[in-house]
Each structure stands twice: as C-alpha cells, then as structure tokens.
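Given next are the chains, with one letter for each unit.
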Amino acid sequence: MKKVIIFGFFILSVCVVNAQSKAAFLSTFESISDLRANGDDDEVAAANWFIDEFGGDFLSTKDVETTDLSQYNVIWLAIERPWGFTNFPIELGGNVQNAITEFYKNGGNLLLTNYAVKYLADMGRCNNSFSELWEDGSNVPDDNLVAWGPISTFGRFFANHPTKQVIDRSNDRLFDGLISEVRVTTETWDLSETTYLIYPLIGAGQKEVHRVTWTMDCDLNAGIDGGIDNPDFLTLFEEAYNVEAVAAYEYALGYHRMSIARWWPQGEFQGKAITIMDTGYEWNQNSGENMYQSNIEWLTINALTELGGLPNGLDNTISAKPAFVIEKDRIVITDDRIQAAEIFNLNGQMLNCLNNVGTVIDITGLNQGLYLIRLTTKDGEKATAKFIK
C-alpha cells in the first residue's frame, strides 16, 4: 500500500480544469520557434515536451524583466549545449540573473538541469565548485551498448565493509514510476561482488558525454580525515547547505559525488531547487529512439510537480492531512470530508468525474502510469495530488 499525501485546499468549480499555468521553461532564445530552429537538440526536445505534453509556458530571457514571475511556482532552466560552464549563456547574467535570484529568494522554485546547475553558484546559494566533460557525439552506436543513469546509493564501493554504511535514497519520491535495473560490480574495497540499483535514462546508441560533476570533497571538508571513503563528506555537505543528495553517478561509488539533489530553503533563499546533472539526462538520443525516454519524462514530471508545477495549470496547494491511499486497482478515501473526485492524465485531460464518491474509487480501467486526482470536500474546498497506479 502506498500512501499519497494531499497538500492543501482552495476553491475551484467542480470538474473544470483551471487554465492558469504554474510552470515556465526559461530559454535564451526569443521564442519556441527560434529555439526549434537554432537551439541545441536536447534543449529543443525538452522544451517541446514541456510545452506540448506537460502544458507549461515558454519564457524567453528577453521577457523576464517585464514578466510577473510570481505567477509561476517553478521555473525550469535546461542548459545542455557544448561546454555549458565555459560558455555559460551571457543572456542569463545581469538583470535576468537578478530577477531569477529574487524569484528564488522570494519562495519561487527552480528546476536546474545539466549545466544550469551553475546558477546556484552564480546566485550565491552554494559556493561549491563543479567540473565538466563534453565530448560531442563521441560515442557511436556500436561502441555504446550500456544504458546510463543515476544510482540511488552513496558508498556502494564499501557495501561489504564491516564498519561502513551504504546510504540508500532509493525510496525518494523523485524515483516514483521510474524503471530500475540491478547491476553487479566487483569495484568494491575488497574486490568482492555487490549489487546496486540504477535508473537508466538513456539506452544503447550514440550519446553526448555531457558530464557535470558536483563534488562534495571540497574546501568545506578540508578538515575531515580520509577521502571518498568517509560518509562525512556527504553528511557535512548536506548539513552545511541544507541539501539532500538524492542520487550518485554510476561510476562514483563513494560518498563524494552527486548527480541529483534537492535544495531546501536556506537563509535568504526561501525557494526550493532540484538539480539534475546525470550524464544520462539527455532529452534527444542522437542515434534513434531512446528506450528509456519515459524515465527521463517521469523524473522530470516528479521534479516539476514536487516544485508546484502541474500539467496545464491544475491547482496544487498545501495541507497536512492524508486524504487517500492507493491499493492496486482502487483508491481508498481516508478523509471523510471528501465528496467529489476528478482524475486527469498528465495532459490535463479529465478521465473521470465522480460526485458523492464514497470511500472507494475503482481504477481498474486505468493503464499503469502517473495520474492526477483532484478532490473536493463537502465545503467546496479542493486539492490536487499525483498518484501512480
């Protein structure tokens, strides 16, 4: 049984989809057509999905200063062009950076993917250093048959060590709905065999090696004994920056590298940020269809919805009381205030609208996947949450 917590309530009419957008895709190009014609293939693919499938807004850097950013719960910045740190777009500096920084400080949320993670340092949220590697299309299909993606554990190198502990984040909500695979390695401290879980994002074929390495073995940890073998490298970094390391790179089995992270509010920065910089996070596979494309989409959906962006502007607010649980082919209502329910797909299309809903909703007719449910109380209050069948 999987519990899903509904967050808060505000009033809307029953069985009507709210049209207000909650999420924006920030781009250095003047329009989506300009991006499609002249942009990096991965940024184009991400923007197309976000606008056409998720239902978000396109936001050009040229319009940032004249746009009321407070209308958005989350802004997504994706920078995947070659040498993204060295040639970080100048359009994102100056007044644009100031505006996004104020949005973030005032409680606005950010999704930063690939080289866009540099923005956290530019805004002063984290002073840690990064390293990068870009080999544009360096791998031909026949040479690259292994899927790439993040792993949900830190310290897997020491899995069989008598005194060290593997830090496991596999239950994190960002992994909801993702396909996972178990892999075996002998790259351990004693060359013994151990397994680990990977969430593949890109399959066999030509890949762009856009590796962004976020290192936790930095000046912050200068006084700690040891190196990548010390879990304090991870825990001290998390405590100092109020960050939650969600995933590591598959090739980094110690405690010193992270590829996905959640940055909770800290100090003057009252918004939340999620950073995704795994090497496998490539929206357009160069040599054909990516068999793990759904994992990229699920990961992005989970991040966007956590940060308050719901498809086609469906409302998302905050409350503490759990309202339902999922049991295989049914939804069990646990809050006796609930009277009506609406179920949507991720395109905002209504699939079911029930009044006098009772305590059980039959969902045998739904395919496996991620959905949204909007519940209405007897007093007319509403809240929306996602659920997975």
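Let me begin by describing the structure that accompanies this report. (Residues numbered from 1 in each chain as written. Predicted model: local features only at pLDDT ≥ 70, side-chain atom pairs only at ≥ 80, totals over all residues. Heavy atoms only, no water.)

Observations regarding the sheet that holds strand β19 (residues 338-344)
For sheets, the rule is that strands pair by backbone hydrogen bonds, running either parallel or antiparallel. To keep it simple, the criterion reads: We call two strands paired when DSSP finds no fewer than two bridges between them. Helix and strand definitions here come from DSSP, where helices need a minimum of 4 consecutive H or I residues and strands a minimum of 2 consecutive E residues; each element is numbered from the N-terminal end. Note on method: axes are straight lines fitted to C-alpha atoms, helices fitted across the in-contact stretch only, with angles between N-to-C directions ranging 0 to 180 degrees.
What the 4 strands build is an open sheet, ordered β20-β19-β22-β23; its pairing is antiparallel. Strand pairing shows two members of the sheet lacking a second neighbour, β20 (350-354) and β23 (382-388), which therefore form its edges. With direction set aside, neighbouring strand axes in the sheet form an average angle of 20°. Sheet topology places strand β22 (residues 370-377) next to β23; 7 bridges connect them, and they run antiparallel.

Topic: the packing of aromatic side chains
Filter applied, for reference: In this analysis, rings of Phe, Tyr and Trp, with Trp reduced to its six-membered ring, are considered paired at centre separations within 6.5 Å, and the interplanar angle assigns stacked below 30 degrees, edge-to-face beyond 60, and tilted for intermediate values. Using a 1.4 Å probe on the protein chains alone, a residue whose accessible area is under 20% of its type maximum counts as buried, one over 50% counts as exposed, and one in between counts as partly exposed. Note on geometry: a ring has a charge over it if NZ (lysine) or CZ (arginine) is within 6 Å of the ring centre and within 35 degrees of the ring normal.
Counted under the stated rule, the structure contains 18 aromatic pairs. With centroids separated by 4.9 Å and ring planes inclined at 75°, the aromatic side chains of Phe 157 and Phe 158 adopt a geometry described as edge-to-face. With a relative accessible area of 29%, Phe 157 lands in the partly exposed category. By relative accessible area, Phe 158 is classed as buried at 6%. Taken together, the aromatic side chains of Phe 25, Trp 49, Phe 50, Phe 54, Trp 76, Tyr 281 and Trp 283 make up a single cluster linked through ring pairs. Positioned over the ring face of Phe 88 is Lys 118, at 4.7 Å from the centre of the ring. Over the aromatic face of Phe 158 sits the side chain of Lys 164, whose NZ or CZ is 5.6 Å from the ring centroid.

With respect to the nonpolar core
In plain terms, the rule: What is meant by a nonpolar core is a set of buried Ala, Val, Leu, Ile, Met, Phe, Trp, Tyr and Cys residues, joined one to another through side-chain atoms within 4.5 Å.
Ile 75, Ile 100, Met 258 and Trp 263 are the most contacted members of the largest nonpolar core, which has 50 residues in total. Among the nonpolar cores identified, the runner-up in size contains 39 residues, and Ala 46, Leu 201, Leu 346 and Leu 370 belong to it.

A look at helix α2 (residues 41-54)
This is how the line gets drawn: Expected span, for any helix, means 1.5 Å times one less than how many residues it has. It only takes one pair of heavy atoms within 4.5 Å for two residues to be counted as in contact. In the analysis that follows, any N or O atom pair within 3.5 Å is treated as a polar contact, provided that within protein one partner can donate a hydrogen and the other can accept it, and provided that, for residues neighboring in sequence, both atoms belong to side chains.
Taking 1.5 Å of rise per residue, the 14 residues of α2 would be expected to cover 20 Å, and the 19 Å separating its terminal C-alpha atoms lies within 8% of that figure. Those residues of α2 lying buried are Asp 42, Glu 43, Val 44, Ala 45, Ala 46, Ala 47, Trp 49, Phe 50 and Phe 54. Against the buried residues of α2 lie β2 (23-27), α1 (32-38), β3 (57-60), β4 (74-79), β12 (207-215) and α6 (293-306). Where α2 begins, the capping side chain belongs to Asp 40, and its oxygen is found 2.9 Å from the backbone nitrogen of Asp 42. Phi turns positive one or two residues past the end of α2, at Gly 55, with a value near 90°.

What to know about the environment of Ala 159
Take Ala 159: it is sitting in the loop between β8 (153-154) and β9 (167-168). The exposure class of Ala 159 is partly exposed, given its relative accessible area of 23%.

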